[in-house]
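Structural description and commentary
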Amino acid sequence: MSEGRPVLIDADAMLGRHPRRDVGGGTVAELLAAMDRVGIAEAVVGNTTSWLHDPARGNRELLALVDGQPRLSPCWVMLPDTCGETGGAAGFADTAVASGVRAVRAFPRDHGYDLAGTDTAAVLAALESVRLPLLLDAGQITWAAVERISCDHPGLRIVVGGAGYRMLRQIAGVLGRTAYVSVGLADLSSHLGLEWLAERFGAGRLVFGTGAPYRDPAEAVTRLLWSELGEAEVAAIGAGNLRRLLRREVKVA
């Protein structure tokens, strides 16, 4: 990290080989090398196994992968407990906290459930109670469902990445009606969309994330560091906002 450069903490990274994408082996060494290449200090990481195969096994494996890696913090994948896969809602949340998990991710479209429905209410309430932030990809859920979850669980901190292009109207509606939904930088590709969101809703509603390794992390780094935002806003988005979420604090700047 060069002197004077803002600290960057990636909220949106993954370990593990992807079976259909040529993005490398998904190893810890590869991820750390990519982070060093673009100046990312730390990352919150999930496991491809938790996403594409078996969440319970992948969550366990993730703890071993990041053991002894102070720059990498584990992010587990949640499921509804309708099939008895998670050990119960409260048990899942309590075990996550005891295991050092810093956030939880959901893939409702890929895993075949309604994140805003009755089946997941107990798990979301449990995450809310221990103040673990919930990370989502915009391709996995509708913005209407994000808003419904935020209204039903007002203490739950939600970060939605992968917004892509031409989503600003939907994003703005949800941010305007909720207090604790934030937007991740991965694929936030509307021209000057980052600057517009920061001006309208404040830099506190934006969280740095890259989508690595499925997106080149240099994309999000460039989007933030070459933006028209001030130094304080860049510092907040680059690391400050995520640090606050990971400490499980209530107050949002």
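Residues numbered from 1 in each chain as written. Predicted model: local features only at pLDDT ≥ 70, side-chain atom pairs only at ≥ 80, totals over all residues. Heavy atoms only, no water.

A separate point is the nonpolar core. One finds M78, L115, L127 and L134 to be the most contacted residues of the largest nonpolar core, which totals 65 residues. Here L115 is in contact with M78, A106, P108, T120, L124, L134, L136, I141 and I149, once residues within four sequence places are set aside. Counting residues in hydrophobic clusters, the runner-up holds 12 residues, among them V44, V159, A239 and L246. (Core = buried A, V, L, I, M, F, W, Y, C linked by side-chain atoms within 4.5 Å. Buried < 20%, exposed > 50% of the residue type's maximum accessible area, 1.4 Å probe, protein only. Contact = heavy atoms within 4.5 Å.)

Moving on, we get to the packing of helix 1 (residues 28-38) against helix 10 (residues 217-225). Packing of helix 1 against helix 10 leaves a shortest axis separation of 10 Å and a crossing angle of 30 degrees. The angle between helix 1 and helix 10 falls in the class roughly parallel. Seen along the crossing, helix 1 lies across helix 10 with a hand that is right-handed. Only P217, A218 and V221 of helix 10 make contact with helix 1, whose side of the interface consists of A34, R37 and V38. Classifying every residue of the contact of helix 1 with helix 10 by side-chain character gives 5 nonpolar, no polar and 1 charged. (Axes fitted to C-alpha atoms, helices over the stretch in contact; angles between N-to-C directions. Helix = DSSP H or I, 4+ residues; strand = E, 2+ residues; numbered from the N terminus. Parallel < 35°, antiparallel > 145°, perpendicular 65-115°, else oblique. Left-handed = near helix turned anticlockwise from the far one by under 90°. Nonpolar A, V, L, I, M, F, W, Y, C, P; charged D, E, K, R; others polar.)

Before going further, it helps to examine the packing of aromatic side chains. This model, assessed by the stated rule, comprises 4 aromatic pairs. Members of the aromatic cluster, connected to one another through ring pairs, are W51, F107 and Y214. (Phe/Tyr/Trp six-rings, centres within 6.5 Å; stacked < 30°, edge-to-face > 60°.)

Moving on: the packing of helix 4 (residues 89-98) against helix 6 (residues 121-130). Put simply, helix 4 and helix 6 touch, their axes get as near as 8 Å, and they point 35 degrees apart. Helix 6 is crossed by helix 4, and the crossing has right-handed handedness. Contact residues: A89, A90, F92, A93, D94 and V97 in helix 4; A122, V123, A126, L127 and V130 in helix 6. Here the contact of helix 4 with helix 6 is built from residues that sort into 10 nonpolar, no polar and 1 charged.

When we look at burial in helix 10, the residues that qualify are P217, A220, V221, R223 and L224. Along the axis of helix 10, the buried residues cluster in a sector spanning 160 degrees; they form a single face. Contact partners of the buried residues in helix 10: helix 1, helix 9 (193-201) and helix 11 (231-246). (Arc of directions from axis to C-beta.)

What follows deals with helix 11. A rise of 1.5 Å per residue sets the reference length of helix 11, with its 16 residues, at 22 Å; its end C-alpha atoms lie 22 Å apart and thus fit the reference within 8%. Approximately 50 degrees is the largest bend angle found in helix 11, and it occurs at I237. For helix 11, every residue scored as buried is listed here: V234, A236, I237, G238, A239, N241, L242, R244, L245 and L246. (Expected span 1.5 Å × (residues − 1). Bend = angle between axes of the 7 residues up to and from the residue.)

Turning our eyes to something else, we now look at the side chain of N241. Mapped onto the elements of the fold, N241 is located in helix 11. A relative accessible area of 3% places N241 in the buried class. Those residues in contact with N241 that lie beyond four places of it in its chain are A203, G204, L206, V207 and A236.

Next up on the list: the sheet that holds strand 2 (residues 42-47). Strand order in the open sheet formed by 8 strands is 1-2-3-4-5-6-7-8, with parallel pairing between adjacent strands. With partners counted over all chains shown, the strands left at the sheet margins are strand 1 (9-15) and strand 8 (206-207), one partner each. With 5 bridges joining them, strand 1 and strand 2 adopt parallel strand pairing. Residue M14 lies in a different strand from strand 2, and its bridge partner there is G46. (Pairing = 2+ DSSP bridges.)

On to unusual backbone geometry. Look at the link from A212 to P213: it is a cis peptide, with omega at 5 degrees. The residue P213 is located in the loop between strand 8 and helix 10 in this model. Residues other than glycine seldom take positive phi values, yet R131 does so here, at roughly 60 degrees. Here R131 shows up in the loop between helix 6 and strand 5 (134-137). With relative accessibility at 44%, the residue R131 sits in the partly exposed group. In the Ramachandran plot, R166 falls in the positive-phi region, its phi being about 65 degrees despite a non-glycine side chain. Mapped onto the elements, R166 comes out in the loop between strand 6 (158-161) and helix 8 (168-177).

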